[in-house]
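# Understanding the architecture of this molecule
Now for the letters of each chain:
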Amino acid sequence: MSVFIAFEGGEGVGKTTQIGLLADWLRGAGRTVRVTFEPGDSPLGAHIRRLLLDPDSAEVSPRAEALLYAADRAHHVETVILPALAAGEVVVTDRYVDSTLAYQGAGRDLPGAERINAWATNGLVPHLTVLLDLDPAVGLARARRRAALDRLEGASLDFHRAVRAAFLRLAEADPARYLVLDAGAPPEALAQRIQEVVGGLL
Ligand code: TMP
């Protein structure tokens with residue numbers, strides 16, 4: 001059975017670590033797993049990612065920013081996610097539609113991004129969205145230790161607080177599809193909870 005799982009959350013919440021642990025666990029259980037990410041996990045997407053995140057790139061207006069993420073997503077769905085699901089794989093993506101609703105919708109104060117995203121994805125919704133929730137002051141400090149901040153990470157703390165609140169609102173509105181976890185918990189404990197929930201889906 002093909003399953004589509006998205007990981008969402010702010011900067012430095014540990015998505016990469018948890019995705020790696022989940023993929024290892026799934027493969028150990030004999031599943032074929034496609035780990036992927038947005039923006040940028042396709043040849044076209046890599047170009048779009050540079051336009052969006054290079055701190056030296058030209059100014060990007062908020063609506064253009066939302067449309068560039070949606071363009072990356074449309075191409076990602078069609079060329080990466082849907083083929084893997086059709087092959088019966090478990091697809092685990094690092095970020096999906098909710099990132100646009102939180103970063104552009106709330107962070108940039110651009111309501112209405114749901115419509116372009118429903119169109120861009122042709123209505124493809126994850127079976128499960130894992131939201132790793134963390135105080136952005138803590139997450140940004142973690143992200144800063146890892147590497148120089150990109151264009152979005154460099155936005156204000158208020159921007160990142162609005163992003164966090166928007167993710168939590170999305171999860172509250174559809175609790176059956178979300179697993180919300182305190183990303184400050186030990187990574188092994190988080191991994192175990194994620195495995196329990198994903199195990200129930202398979
Ligand atoms: P990453 O750090 O997870 O690779 O994501 C790149 C940045 O892009 C991150 O700061 C979040 C931001 N982003 C959006 O603003 N909107 C989106 O739709 C996506 C997918 C990411």
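Structure's up top.
Note that this is a predicted model, so its numbers are computed, not measured.

In this section: the overall build of the protein chain. Secondary structure summary: the protein chain contains eight helices and five strands in total. Along the protein chain, from the amino end to the carboxyl end, the secondary structure elements read β-α-β-α-α-β-α-α-β-α-α-β-α. The globule rule puts the C-alpha radius of gyration for 202 residues at 17 Å, and the 16 Å found for the protein chain is close to it. The principal-axis extents of the C-alpha atoms in the protein chain amount to approximately 45 × 35 × 30 Å.

Moving on, we come to helix H4 (residues 97-107). Buried residues dominate H4, accounting for nine of its 11 residues. Every buried residue belonging to H4 is among Val97, Asp98, Ser99, Thr100, Leu101, Ala102, Tyr103, Gln104 and Gly105, and all of these are buried. Packing partners of the buried residues in H4 comprise strand S1 (3-9), helix H3 (62-86), helix H5 (113-120), strand S4 (128-133), helix H7 (157-173) and strand S5 (178-182). Following H4 by one or two positions, Asp109 adopts a phi angle in the positive range, close to 55 degrees.

The amide bond that connects Glu38 to the next residue, Pro39, takes the cis arrangement and shows omega of -10 degrees. Along the chain, Pro39 turns up in the loop between strand S2 (33-37) and helix H2 (43-53). Backbone geometry places Asp109, a non-glycine residue, at a positive phi of 55 degrees. Along the chain, Asp109 turns up in the loop between H4 and H5. Positive phi outside glycine occurs at Asn122, with the angle close to 55 degrees.

This part takes up the site of the ligand. Close to the ligand lie 13 residues, the nearest being Glu11, Tyr69, Arg95, Thr100 and Gln104. Interatomic distance of 3.0 Å between a side-chain N/O atom of Arg49 and an oxygen atom of the ligand. One nitrogen or oxygen atom from the side chain of Thr100 is found 2.5 Å from an oxygen atom belonging to the ligand. Protein burial of the ligand: of its 470 Å² of free accessible surface, 92% is covered by the chains. In a pocket analysis with a 2 Å cut-off to the grid points, the ligand is assigned to the largest pocket. At four residues, H4 tops the list of elements feeding residues into the shell around the ligand.

About the cut-offs
- Residues numbered from 1 in each chain as written.
- Predicted model: local features only at pLDDT ≥ 70, side-chain atom pairs only at ≥ 80, totals over all residues.
- Heavy atoms only, no water.
- Helix = DSSP H or I, 4+ residues; strand = E, 2+ residues; numbered from the N terminus.
- Rg over C-alpha atoms; globule rule 2.2 N^0.38 Å.
- Buried < 20%, exposed > 50% of the residue type's maximum accessible area, 1.4 Å probe, protein only.
- Contact = heavy atoms within 4.5 Å.
- Near = heavy atom within 4 Å.
- Polar contact = N/O pair within 3.5 Å; in protein donor to acceptor, adjacent residues only side chain to side chain.
- Areas by Shrake-Rupley, 256 points an atom, 1.4 Å probe, with all protein chains shown as cover.
- 1 Å grid on protein atoms, 1.4 Å probe; cavity = no way out; pocket = protein on both sides within 12 Å on 5 of 7 lines; lining within 4 Å.
- Sits in = over half its atoms within 2 Å of the grid points.

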